[in-house]
Amino acid sequence: MSFGKLTTSALAIAAVSATAAAARDNIQVAGSSTVLPYAAIVAEAFGENFDFPTPVVESGGSSAGLKRFCDGVGENTIDIANASRQIRDKEVAACAENGVTDIIEVRVGYDGIVFASDINGASFAFTPQDWYKALAAEHFVDGALVPNPLNTWNEVNPDFPAQPIVTYIPGTKHGTREVFEEKVLLAGCKDGGFLKAMEDAGIDEDTAEEKCMAVRTDGKSVDIDGDYTETLARIDSNKDGLGVFGLAFYENNTDKLQVATMSGVVPTTDSISTGEYPVSRPLFFYVKQAHIGVIPGLKEFAEFFVADEVAGPDGPLAEYGLVSDPALADTQEAVMNETTIGGGS
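Residues numbered from 1 in each chain as written. Predicted model: local features only at pLDDT ≥ 70, side-chain atom pairs only at ≥ 80, totals over all residues. Heavy atoms only, no water.

## A word on the overall build of the protein chain
- The number of helices and strands found in the protein chain is 15 helices and 14 strands.
- Seen through its C-alpha atoms, the protein chain measures out along the principal axes to roughly 70 × 45 × 35 Å.
- When the 345 residues of the protein chain are sorted by exposure, 52% land in the buried category.
- Contacts in the protein chain between residues at least 24 apart in sequence constitute 74% of all its contacts with a sequence separation of at least 6.
- With the model as given, the accessible surface of the protein chain reaches about 14,200 Å², and the carbon-plus-sulfur share is 47%.
- Distance between charge centroids for the protein chain: 5 Å, based on 23 positive and 52 negative side chains. (Helix = DSSP H or I, 4+ residues; strand = E, 2+ residues; numbered from the N terminus. Buried < 20%, exposed > 50% of the residue type's maximum accessible area, 1.4 Å probe, protein only. Contact = heavy atoms within 4.5 Å. Areas by Shrake-Rupley, 256 points an atom, 1.4 Å probe, with all protein chains shown as cover. Lys, Arg positive; Asp, Glu negative; His and termini not counted. Charge placed at Lys NZ, Arg CZ, Asp CG, Glu CD.)

## A look at the packing of aromatic side chains
- Within this structure, the stated rule accounts for 24 aromatic pairs.
- Their ring planes at 50° and their centres at 5.9 Å tell us that Phe46 and Phe304 sit as a pair that is tilted. Of this pair, Phe46 sits in helix H1 (residues 36-49) while Phe304 sits in helix H12 (residues 298-305); the two residues are 258 residues apart in sequence, bridging distant segments of the chain.
- In this structure Phe46 comes out as buried when scored by relative accessible area, which is 0%.
- Taken together, a centroid distance of 5.2 Å and an interplanar angle of 75° make the contact between Phe50 and Phe304 edge-to-face. (Phe/Tyr/Trp six-rings, centres within 6.5 Å; stacked < 30°, edge-to-face > 60°.)

## Remarks on the packing of helix H4 (residues 128-135) against helix H6 (residues 175-191)
- With their axes 7 Å apart at the nearest point, H4 and H6 run at an angle of 95° to one another. Between H4 and H6, the angle falls in the class roughly perpendicular. Together, Pro128, Gln129, Trp131, Tyr132 and Leu135 of H4 and Phe180, Lys183, Val184, Leu185, Ala187, Gly188, Cys189 and Asp191 of H6 make up the contact between the two elements.
- Partitioning the contact of H4 with H6 into residue classes produces 9 nonpolar, 2 polar and 2 charged. (Axes fitted to C-alpha atoms, helices over the stretch in contact; angles between N-to-C directions. Parallel < 35°, antiparallel > 145°, perpendicular 65-115°, else oblique. Nonpolar A, V, L, I, M, F, W, Y, C, P; charged D, E, K, R; others polar.)

## Some points on the confidence of the model for the protein chain
- Of the residues in the protein chain, 92% reach a pLDDT of 70 or more, and the chain-wide mean stands at 91.
- The low-confidence segment residues 7-22 (pLDDT under 50) makes 26 contacts with residues lying over four places distant or belonging to another chain. (pLDDT = per-residue confidence, 0-100.)

## Let's talk about the state of the cysteines
- For the structure on display, the rule yields 2 disulfides.
- The disulfide partner of Cys70 is Cys95, and the gap between their sulfur atoms is 1.9 Å. Across the S-S bond of Cys70 and Cys95 the torsion is about -70°, and the bridge reads as left-handed. You can see Cys70 sitting in the loop between helix H2 (62-69) and strand S3 (80-83) and its partner Cys95 sitting in helix H3 (residues 89-97), a full 25 residues away along the chain. Here Cys70 and Cys95 have matching classes, each one buried.
- Along the protein chain, the cysteines engaged in disulfide bonds are linked according to the scheme 1-2, 3-4 when indexed in sequence order. (Disulfide = S-S within 2.5 Å.)

Encoded structure:
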């Protein structure tokens, strides 16, 4: 993975100067474990190619990163929050309460959520309904909600092996969890007619959807609060385990993992970019506009991150697994103009 070509083209993005006065001179980034490897690649290249210190990039999950981002403005708060989901209205409100009123939303590209097992284990061809049936806390049976009775995958689907249901899914502080709940569990609940059955029985829509996305807590599903390396370690220690990963992580661990299809589609960069693969999502980072011009290199870093040479289809992030955003030029313009949420700049 080489950044040699960046020295002439991407470095022309902005004038390279580290003369801005600030209490600290390094950019601080935290948030999504999915965005983490991309941000780390860009941070390292930024430090090598620009006359600014290498940004400090931490993980912790989308929700945790956005919470830190919204703590306030100033040298003791982070400059950028990475997120594998869009910022929520309540988070924007929390930011505003703490004086973070101008937020620049930057869409980096797209990623797919994949379902993988040990390289030498059983192969799976899933649908969202399979995961709903396997992980739902309760099933709606004969007009009543009852605890999920399924213990093995062949009880979920007779085409599956008779191995115990053991899954490792992102914890609730991760943006990946929200996408998993909505695009897999809720979708499976709808596809199988379970949501409609609950509504027909008099359960209101909001409660029914909550039931669809509620995950069992009897040990069949384990929340992983760390990053994907922890999920991989769990599968390594329990070969029956199945994990939820980002596409890029899987593609960099194909010697250890095999990926399942979802609704008959193999997750690849191509199937995600065309929208064929059903479980994909945009990736973001959020910039605190009040820190631009105060923290040296902050705007330059944001512009560098979404430059064609970095985030484009032939850039190093695509090589790592990011699906380039077809509307990348619009994002570049928004960053250049410092367009904030709500359309202002």
